[in-house]
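# An overview of the molecular structure
This is what each chain is made of:
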Amino acid sequence: MSILLRCHKGIGSAVTGTALVAADNFSARYDLDRSKGVFSRPSHKLAGQSYADRILVLDTTKGGVATAWMLHEMKARGLVPRGLIFNRVNPILAQGAAFGDVTLVDRFERDVTQTFRSGDELRVDPAAGLVEILNRDR
Amino acid sequence: MRLTDEESAIFAGKFGEPRRWAITHQIAVGEFFDAADFVPVSQAHIMADTESLGVAGVQFLESLAAAPEAERRVRVPTITDPRGLDFAVYRRLGQTDKMAALEQRAIEALRAFGVLMTDTCINYQTIMAPVLGEHMAYGDTGVVIYSNSVLGARSNFEGGPSALAAGLTGRTPRYGYHLDACRRATRRFRLTATPRDLSEWGALGGIVGEACGSYWQVPVVEGIETIPGSDALKHFGTALASFGSVALFHLPGITAEEAVFAGSVPPAITITRDGIEAFLARYAAPNDKLDVVVFTAPQLSLFEMEAVARALEGRRVHHETTVIVATSPEIKHAADRMGLTSRIEASGAVVAQGICFYQSYAREMAEANGWTRLMTNSAKLVNIIGGYGYRPTLASLARCVDSAVAGRVL
């Protein structure tokens, strides 16, 4: 029982984890309280929720370049998403994932924010460009 | 990616560990974006404030900076974005000695690479502007969008690690805004009202940015009847990049390149005066107690410094309100020499150099000083600062100053 989805080849190692999904965008500087590991921007659809160890599924990246350093800093303190799944990212998130060794994929054929659901168990394989939903088949 | 013999040698570690790390990082990013090869760059610009770096980032810089000098020196002029704090004023702003110590470590590491500590996000106004077609590795969204659009340079958003890598290798992966195909227009807007001040130019950038909502969209804005100055386009571009993650815009007859659409010309979205005023109204908070007024994001030009000095002339900032004016070290020195700094500080305002507020431990400053309500003429800043626990208000410079004197939002 699983669903297999193809995407562009990504960055980082293969991971398995629980999805946290929103039709919203992302910047580590704009949206997070990194000291607590939660979304802090009041208008964000995930405001108040913890991102630590989750596979974040969001639409695209916001302005700002800070995320390129911040994923590395967040990982060093153990308060970092386990993986990142986006419709399409800007260079900053790709650079941050490469520098911080955080798993990242994007460019699917479907809208990821409508395809994945919070609580889905996912296996992300960036080298193969594949994401598997492990806990359901429809 | 296709590598030259020299790039293969760098990848194999023949030019030392810092350059091996750099090109390995760049290949990972380049392959993610399907870059065919590298393109030489003539400058790199590193965002490396310590709030973003954290201890882990500073330790990373220090580990690379420990390599022999021949292996760690940057290959092209490499400059810095604003820093985490200004050593002359950090205690007045509620920043700590611990932050200052980490900042000092970062500065020493960056200097070891031969990085020039310009500490500015307005290098296109103050250090050296790029020319049409020049490939860059710029690391501040406001710098990238202004340089790409107004000047016709070619740069992607290069975050701190990637900009450092570009400095060390003298090149960057050729994808995104280095390519003609990516620079074609995709969205069209028509303006029926001219922005009246810098806050409204920022609001316009915010409106267009929210409508675009992607790094890969290139908007064209028609109907601008008078040529905006550099500061107006600075605020427009930084807000557009902040609200939309946009890296290139075209204003026909004003910006450097002809606006060529990627396909058929799309219908225009009309932006009216009502639209600009509605954008500003989203942040309105009449009569709210005002904690802090911030003029920066981007750092102020000399002309903006002079405008702040004139607005504060003979006036006193309310005792429960803090006013922070931030500019680059170059402009600060000019402002000192021309008497602008002393005129501004006579009102009780703080003039800081080499910082840009939101990159300066904004959450910790808010907690240390009890700040919540922030007022600014920067649309970029109101977009960023909500996540740090502030409630921001966007208004003209004149209204910000009047409010600072009154101690409440006017």
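Residues numbered from 1 in each chain as written. Chains lettered and ligands numbered in written order. Predicted model: local features only at pLDDT ≥ 70, side-chain atom pairs only at ≥ 80, totals over all residues.

## A look at the environment of phenylalanine 108 of chain A
All names here are of chain A. As for its position among the elements, phenylalanine 108 is in the loop between strand E7 (103-105) and helix H4 (112-115). Taking the C-alpha atoms as reference points, phenylalanine 108 and leucine 130, separated by 22 residues in sequence, lie 9.4 Å from one another. The residues contacting phenylalanine 108, other than those within four sequence positions of it, are Leu5, Cys7 and Asn87. (Helix = DSSP H or I, 4+ residues; strand = E, 2+ residues; numbered from the N terminus. Contact = placed C-beta atoms within 7 Å.)

## Examining the sheet that holds strand E5 (residues 55-60) of chain A
Residues and elements named next belong to chain A. A sheet is described by the order of its strands in space; here seven strands give the open sequence E1-E9-E8-E2-E5-E6-E7, paired in mixed fashion. If you trace the sheet from one side to the other, it starts and ends with strand E1 (3-6) and E7, each paired once. Within the sheet, the average angular offset between the axes of one strand and its neighbour, ignoring direction, is 30°. With four bridges connecting them, strand E2 (residues 15-21) and strand E8 (residues 121-125) associate as antiparallel partners. Note that in E8 the partner of threonine 18 across the bridge is glutamate 121. (Pairing = 2+ DSSP bridges. Axes fitted to C-alpha atoms, helices over the stretch in contact; angles between N-to-C directions.)

## Quick notes on the pairing of strand E9 (residues 130-133) of chain A
Residue and element names in this part refer to chain A. Only one face of E9 is covered, namely the one carrying Val131 and Ile133; the face carrying Leu130 and Glu132 has none of its residues buried. Sheet analysis places E1 next to E9, joined by four bridges and oriented antiparallel. Across the sheet, isoleucine 3 pairs through a bridge with isoleucine 133, a residue of E9. Summarising the sheet, E8 and E9 pair through four bridges and their orientation is antiparallel. (Buried ≥ 20, exposed ≤ 12 C-beta atoms within 10 Å, placed from the backbone.)

## Focus on the domain arrangement of chain B
Residue and element names in this part refer to chain B. Taken domain by domain, chain B consists of domain 1 (5-180), domain 2 (184-280) and domain 3 (285-406). On a C-alpha basis, the centres of domain 1 and domain 2 stand 28 Å from each other. Each partner contributes to the interface: domain 1 provides 16 residues, whereas domain 2 provides 16 residues. When grouped by side-chain class, the residues that make up the side of domain 1 that touches domain 2 number nine nonpolar, seven polar and no charged. (Domains from an automatic or database assignment. Nonpolar A, V, L, I, M, F, W, Y, C, P; charged D, E, K, R; others polar.)

## Considering helix H3 (residues 50-65) of chain B
All names here are of chain B. For H3, spanning 16 residues, the distance from its first C-alpha to its last is only 16 Å, which falls clearly below the expected 22 Å at 1.5 Å a residue. The largest bend in H3 is about 70°, located at alanine 56. Among the residues of H3, Thr50, Glu51, Ser52, Leu53, Gly57, Val58, Phe60, Leu61 and Leu64 are the ones counted as buried. (Expected span 1.5 Å × (residues − 1). Bend = angle between axes of the 7 residues up to and from the residue.)

## Here we look at the interface of chain A and chain B
Listed as interface residues are 33 residues of chain A and, on the opposing side, 33 residues of chain B. Those elements that provide at least two residues to the side of chain A that touches chain B are helix H1 (28-31), helix H2 (67-76) and helix H3 (91-100) of chain A. Partitioning the side of chain A that touches chain B into residue classes produces 15 nonpolar, twelve polar and six charged.

## Considering the pairing of strand E6 (residues 83-88) of chain A
Residue and element names in this part refer to chain A. Of all the six residues making up E6, five are buried; the element is thus mostly covered by neighbouring parts of the structure. Two elements, E5 and E6, share five bridges in a ladder whose sense is parallel. Opposite isoleucine 55, over in E6, you have glycine 83 as the bridge partner. Crossover E5 to E6 through H2 is right-handed. Two strands pair when backbone bridges link them, and E6 and E7 are joined in this way by three bridges, in the parallel orientation. Across the sheet, isoleucine 85 pairs through a bridge with valine 105, a residue of E7. Note that the unit made of E6, H3 and E7 has a crossover that is right-handed. (Right-handed = clockwise from strand over helix to strand, strands pointing away.)

## Some words on unusual backbone geometry
A negative phi holds for most residues other than glycine; trans holds for most peptide bonds. Residue and element names in this part refer to chain B. The step from alanine 297 to proline 298 runs through a cis peptide bond, and the omega angle for that step is 5°. Mapping proline 298 onto the fold places it in strand E8 (residues 292-300). With a phi angle near 60°, aspartate 34 is a residue other than glycine that sits in the positive phi range. Positive phi, normally seen in glycine, also occurs at serine 245, with a value near 60°. Summarising the element assignment, serine 245 is placed in the loop between helix H10 (230-244) and strand E7 (269-271).

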